[in-house]
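Structural features, examined
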Amino acid sequence: MKLISIGFGSMVSADRMVAVIAPDSAPVKRLIQESRERGMLIDATYGRKTASVFIMDSGHVVLSGVAAEKIAARAGLDVMLEEE
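Residues numbered from 1 in each chain as written. Predicted model: local features only at pLDDT ≥ 70, side-chain atom pairs only at ≥ 80, totals over all residues. Heavy atoms only, no water.

1. Observations concerning the packing of aromatic side chains
How we decide: Here is the rule: rings of Phe, Tyr and Trp (six-membered ring for Trp) pair when centre to centre is within 6.5 Å. Planes less than 30 degrees apart are stacked, more than 60 are edge-to-face, and the remainder are tilted. Under the DSSP-based scheme used, a helix requires at least four consecutive residues in state H or I and a strand at least two consecutive residues in state E, with every element numbered from the N terminus. Only protein chains enter the accessibility calculation, which uses a 1.4 Å probe; a residue whose area is less than 20% of its type maximum is buried, one above 50% is exposed, and one in between is partly exposed.
Using the criterion set out here, one finds 1 aromatic pair in the structure. Relative to Y46, the ring of F8 has its centre 5.8 Å away and its plane inclined at 55°; by these criteria the two rings are tilted. Within this pair, whereas F8 is found in the loop between β1 (3-7) and β2 (10-13), its partner Y46 is found in the loop between β4 (41-44) and β5 (52-56), the two being separated by 38 residues in sequence. The exposure class assigned to Y46 is exposed, which follows from its relative accessible area of 54%.

Written out as structure tokens, the structure is:
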């Protein structure tokens, strides 16, 4: 099992991760709120602004205060960034 550091001493399993998304859009904010209500939200921001949202295969939603690109670089993952 490969663990990826998501900041501030927290880690998630790379094998269980489905997606990493930005927290800015309304649908993602709804997803976060619904997960909170269902008890499936894990807040690993340590009081900082949410920079990335992890969707896990178990249905859990994990919030991180570190940007997804930075986490991917730490994990050595190849990231194809969309040109703006």
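2. Quick word on the environment of G7
So the rule is basically this: Two residues form a contact once any of their heavy atoms are found within 4.5 Å.
Relative to the helices and strands, G7 is located in strand β1. Put simply, G7 and G65 are 58 residues apart on the chain and 7.0 Å apart in space, counted from C-alpha to C-alpha. Those residues in contact with G7 that lie beyond four places of it in its chain are V66 and R74.

3. Some remarks on a nonpolar patch on the surface
Stated formally: A patch is a set of surface residues, each over 30% in relative accessible area and not in a salt bridge, joined within 9 Å for like charges and within 5 Å for the nonpolar side chains Val, Leu, Ile, Met, Phe, Trp and Tyr. Residue exposure ignores everything except the shown protein chains as possible cover, and the areas themselves are Shrake-Rupley values with a 1.4 Å probe. When a carboxyl oxygen of Asp or Glu is within 4 Å of a side-chain nitrogen of Lys or Arg, the pair counts as a salt bridge.
Taken together, the side chains of M1, L3 and M11 define a hydrophobic patch exposed on the protein surface, amounting to about 390 Å² of accessible area. Looking at where M11 falls in the secondary structure, it is placed in strand β2. A relative accessible area of 53% means that M11 is categorised as exposed.

4. Digging into the pattern of salt bridges
Inspection of the entire model under this criterion finds 1 salt bridge. One salt bridge connects D57 with R16, and the closest N-O pair in it is separated by 2.7 Å. A residue pair is termed long-range when its members are at least 10 positions apart, and D57 in the loop between β5 and β6 (61-64) and R16 in the loop between β2 and β3 (17-21) qualify at 41 residues. The exposure class of D57 is partly exposed, given its relative accessible area of 46%. In this structure R16 comes out as partly exposed when scored by relative accessible area, which is 40%.

Read these as spatial facts, not as claims about activity.
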